[in-house]
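What follows is the residue order along each chain.
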Amino acid sequence: MSAQLLEGKIIAAQIKQDLRQEVRSLKQKSGRSPRLVSIQIGENPASAVYIKSQKKTAQGLGIEYTLETLELDISQKTLTRLIEGLNHDETVSGIIVQLPLPKAIDHRLTMSSIAPEKDAEGMHPENLGRVLLGNAKLAPCTAQAAMQLIESTGITLYGKEAVIVGHSEIVGKPLSMLLLNKFVTTTVCHIATGERGNLAEHVKRAEILVVAVGKAELVKGDWIKEGAIVIDVGINRVEGKLVGDVEFEAARERASFITPVPGGVGPLTVTMLMRNVVEAFRMQEKL
Ligand code: NAD
């Protein structure tokens, strides 16, 4: 059996259609459009691709997008002051800080300096805490994207066995909470699982498998449980081509649903960012 492709683009198009209407109606009520301010520190070809895609998606939805490019040698203090200014600026609905950050800038400190209600990436400790408590308004975008893809299959989540490979703060950890909140039995694997040689054993049990590591084809096709849903978050460049963390062709023969790379999680992540901005605007305008 060849798995059905979970194409993020198609699901994203449906969500964007709803968001476009929502932005229009919020604008009628408030007289203003949501605005996302994107902070880039130094120039970087990888983040340039994301910024271009964010700008295009925002504009297509009626969300204003402003890019602030800062000098590479900016201090944490100056950055915090700038973010605090944006926190108090009523025309700003959401703030995103592009990665990578220079060594002198601390990611956690930076996320904490953003007002929780303007935290477009859902990475402020208060918003992460709300993910844990199950009442998040702004959750991390990639974790939300993975969740959307899983839910798009129409599967009953209650009691299912999920395995997440990767325990980063942007994907694995928050996603494990989103799944737990739906009563999914959730195992989180990471580097130590791999080093101990236990990764295959866990993956083989997964009815829902999410892999977010950043190592090309780390997960072998014959580890996939028959009928599993496979969400491949990884993006790796191999010989000029983008591939995921799962051996796609072999996994496709065993899974029931699988995301392609590219075209799976990526297009939904930027859509979730925009959904957070609209939600942030709604909260600030009390609409
Ligand atoms: P990260 O480097 O922060 O975390 C990697 C995780 O993988 C860690 O938990 C680590 O312990 C684990 N790991 C490393 N080697 C392992 C091994 N051999 N066995 C098991 N676990 C292992 O990465 P991240 O920021 O979460 O990103 C992961 C991947 O997802 C990257 O390829 C990144 O480009 C991609 N990504 C894609 C999107 C998207 O929208 N499609 C968004 C974010 C990240």
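See the structure above.
What you see is a predicted model, and the numbers here were worked out from it, not measured in a lab. (Residues numbered from 1 in each chain as written. Predicted model: local features only at pLDDT ≥ 70, side-chain atom pairs only at ≥ 80, totals over all residues. Heavy atoms only, no water.)

## Regarding the nonpolar core
Generally speaking, soluble globular proteins have nonpolar side chains that are buried together.
No. 1: Counting 48 residues, the largest nonpolar core has Leu 36, Ile 63, Val 210, Ile 231 and Met 274 as its most contacted members.
No. 2: Among the secondary structure elements, those contributing two or more residues to this core are α1 (8–30), α2 (45–61), α6 (141–152), β5 (161–165), α7 (172–180), β7 (208–211), β8 (229–232) and α11 (265–285).
No. 3: Ranked by the residues each element gives to this core, the list is headed by α11, at 9 residues.
No. 4: With sequence-adjacent residues up to four places away left out, Ile 63 is seen in contact with Val 23, Pro 34, Arg 35, Leu 36, Ala 58, Met 274, Val 277 and Val 278. (Core = buried A, V, L, I, M, F, W, Y, C linked by side-chain atoms within 4.5 Å. Buried < 20%, exposed > 50% of the residue type's maximum accessible area, 1.4 Å probe, protein only. Helix = DSSP H or I, 4+ residues; strand = E, 2+ residues; numbered from the N terminus. Contact = heavy atoms within 4.5 Å.)

## Things to note about the sheet that holds β8
No. 1: Judged by pairing direction, the sheet is parallel, and its 6 strands sit side by side in the order β1-β11-β8-β7-β5-β6 without closing on themselves. Two strands in the sheet have a free side with no partner beyond their single neighbour: β1 (4–5) and β6 (185–189).
No. 2: As judged from the 5 bridges shared by β5 and β6, these two strands associate in the parallel manner. Paired with Val 165 across the two strands is Cys 189, which belongs to β6.
No. 3: Lying on the sheet, α7 is in contact with β5, β6 and β7; it crosses β5 at an angle near 170°. (Pairing = 2+ DSSP bridges. Axes fitted to C-alpha atoms, helices over the stretch in contact; angles between N-to-C directions.)

## Re α2
No. 1: Here α2 is 17 residues long and its end C-alpha atoms lie 25 Å apart, about the 24 Å a rise of 1.5 Å per residue gives.
No. 2: When we look at burial in α2, the residues that qualify are Ser 47, Ile 51, Gln 54, Thr 57, Ala 58 and Leu 61. Buried residues along α2 cover an arc of 135° about the axis, so they all sit on one side. Exposed side chains of α2 directed beyond 90 degrees from the buried face belong to Pro 45, Val 49, Lys 52 and Lys 56.
No. 3: Buried residues along α2 sit against α1, β2 (35–41), β3 (64–70), β4 (94–97) and α11.
No. 4: Gly 62, located one to two residues past α2, shows a positive phi value of around 85°. (Expected span 1.5 Å × (residues − 1). Arc of directions from axis to C-beta.)

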